[in-house]
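# Observations on chain architecture
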Amino acid sequence: MEREGPGIVVERAQHGEGDFVVALLTPGGLWKGLAKGGASRRQAGLWEVGNIVSARWTARLPEQLGAYSAELVRPAAALAMETPDSLAILRAACQLAAQALPEREAAPESFEGLLRLLAGIDIKGFALPELCRWELVLLRELGFGLDFSSSAGSNDRLAYVSPRTGRAVTFSEAGNWVNRLLPLPEFLLGEGEADLKDCAAALRLSGHFLTRDVFGARHRPLPPARQALYEQVSLRLGGKDGGDAG
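Computed from a predicted model, the values in this text were never measured in an experiment.

Below, the discussion takes up the overall build of the protein chain. Within the protein chain, the regular secondary structure consists of seven helices and eight strands. Overall, the C-alpha framework of the protein chain stretches about 60 × 35 × 30 Å when taken along its three principal axes. Every one of the 246 residues in the protein chain was classed for burial, and the buried ones make up 45%. Contacts spanning at least 24 positions in sequence make up 57% of the contacts within the protein chain whose residues lie at least 6 apart. Accessible area for the protein chain stands at about 12,300 Å²; split by element, carbon and sulfur atoms hold 50% of it. In the protein chain, 27 positive and 30 negative side-chain charges are present, and the distance between their average locations comes to 3 Å.

Further remarks concern the packing of helix 6 (residues 196-215) against helix 7 (residues 224-236). Two numbers describe how helix 6 lies on helix 7: the axes approach to 10 Å, and their chain directions differ by 145°. Once helix 6 is placed against helix 7, the crossing between them reads as left-handed. In this structure, helix 6 uses Leu196, Ala200, Leu203, Arg204, Ser206 and Gly207 to contact helix 7, whose residues at the interface are Arg226, Tyr230, Val233 and Arg236.

Enumeration over the complete set of coordinates arrives at eleven salt bridges. The shortest N-O distance in the salt bridge between glutamate 103 and lysine 32 comes to 3.7 Å. Here glutamate 103 is found in the loop between helix 2 (84-100) and helix 3 (108-119), whereas its partner lysine 32 is found in strand 3 (residues 29-35), with 71 residues between them in sequence. For aspartate 122, the salt bridge goes to arginine 74, with nearest N and O atoms at 2.8 Å.

With that settled, consider unusual backbone geometry. The phi torsion of most residues other than glycine is negative, and most of the peptide bonds are trans. Even without being a glycine, arginine 104 presents a positive backbone phi close to 60°. Relative to the elements of secondary structure, arginine 104 occurs in the loop between helix 2 and helix 3. Since its relative accessible area comes to 32%, arginine 104 is described here as partly exposed. At histidine 219, a residue that is not glycine, the phi angle is positive and equals roughly 60°.

To continue, consider the state of the cysteines. As enumerated under the stated definition, the model contains zero disulfides in all. Of all cysteine sulfurs in the structure, the one in cysteine 132 sits closest to cysteine 199, which takes part in no disulfide; the separation is 4.4 Å.

Once that is clear, we can look at the packing of helix 2 against helix 6. At a closest axis distance of 12 Å, the pairing of helix 2 and helix 6 adopts a crossing angle of 20°. As far as their axial angle goes, helix 6 and helix 2 are roughly parallel. In this structure, helix 2 crosses over helix 6, and the sense of that crossing is left-handed. Counted together, Leu96, Gln99 and Ala100 of helix 2 and Leu210, Val214 and Phe215 of helix 6 form the full contact between these two elements.

In this section: the nonpolar core. Counting residues in hydrophobic clusters, the biggest one holds 56 residues, and the most contacted among them are Val10, Leu25, Leu114 and Leu131. Among the elements that line this core, the one with the most residues is helix 2, at eleven residues. When residues no more than four places from it in sequence are discounted, the contact partners of valine 10 are Ala23, Leu25, Leu30, Val49, Cys94, Ala97, Ala98 and Leu114. Counting residues in hydrophobic clusters, the runner-up holds 13 residues, among them Val9, Val22, Trp31 and Ala59.

Its place among the elements puts glycine 143 in the loop between helix 4 (127-141) and strand 6 (158-161). Between the C-alpha atom of glycine 143 and that of valine 214, which follows or precedes it by 71 residues, the distance is 9.4 Å.

Time to look at the packing of aromatic side chains. Tallied over the entire structure, the rule returns three aromatic pairs. With centroids separated by 5.0 Å and ring planes inclined at 75°, the aromatic side chains of tryptophan 31 and tryptophan 57 adopt a geometry described as edge-to-face. Note that tryptophan 31 is positioned in strand 3 and tryptophan 57 in strand 4 (residues 52-58), a separation of 26 residues in sequence. The pair formed by tryptophan 31 and tryptophan 57 is uniform in burial state, with each residue classed as buried.

What counts, and where the lines are drawn
- Residues numbered from 1 in each chain as written.
- Predicted model: local features only at pLDDT ≥ 70, side-chain atom pairs only at ≥ 80, totals over all residues.
- Heavy atoms only, no water.
- Helix = DSSP H or I, 4+ residues; strand = E, 2+ residues; numbered from the N terminus.
- Buried < 20%, exposed > 50% of the residue type's maximum accessible area, 1.4 Å probe, protein only.
- Contact = heavy atoms within 4.5 Å.
- Areas by Shrake-Rupley, 256 points an atom, 1.4 Å probe, with all protein chains shown as cover.
- Lys, Arg positive; Asp, Glu negative; His and termini not counted.
- Charge placed at Lys NZ, Arg CZ, Asp CG, Glu CD.
- Axes fitted to C-alpha atoms, helices over the stretch in contact; angles between N-to-C directions.
- Left-handed = near helix turned anticlockwise from the far one by under 90°.
- Salt bridge = Lys/Arg side-chain N within 4 Å of Asp/Glu carboxyl O.
- Disulfide = S-S within 2.5 Å.
- Parallel < 35°, antiparallel > 145°, perpendicular 65-115°, else oblique.
- Core = buried A, V, L, I, M, F, W, Y, C linked by side-chain atoms within 4.5 Å.
- Phe/Tyr/Trp six-rings, centres within 6.5 Å; stacked < 30°, edge-to-face > 60°.

Printed below as a string of structure tokens:
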């Protein structure tokens, strides 16, 4: 059996002295394989988490782990290392993909979204808002999409999300329940630009549903890199965003 095409390195683990077990997110889902000699000086840079590669996976039987060979397409890991923020975003996104998506189940929207994020990881002001948008795509593809539809008029815009149902509500609908709702930043609706406060609110929003619906169902916490990113953003705001990521 053989598979070939683009992939994103979302996880790697040492296997023996010189090999890695690597997880790639591909258009066909999350696929693991053995990168023989992957820990060598010649190959180690290829298998850095976050890198975009052109990969070939081969196995004698479909149920086997299989073996990977690959060529580097974009060194996103090296580009992200130029700034701490970019590296934190890359690690958070890759950990989410590796731990949230089921193996060998097609996730084309999550793949395309993560590919777009990592393609612009070194563009100032791009990566954090793009991560926030991608997390909503991930939730949707996992079956936990949030409902931002509304029949309300333009004078009463969507402003909050119910933490129970995932449905967006308007200012007037919020009423006395406003303190129990999650703020909905306008940029997630395709309106305006995102500042740091907007991104903190977006991370809190998606973090709530990732924690409850994706990881809570598996009795696991939010991946540590994702939690660390939220804490880092919150710290830069002086803790004024209003709550935990989950």
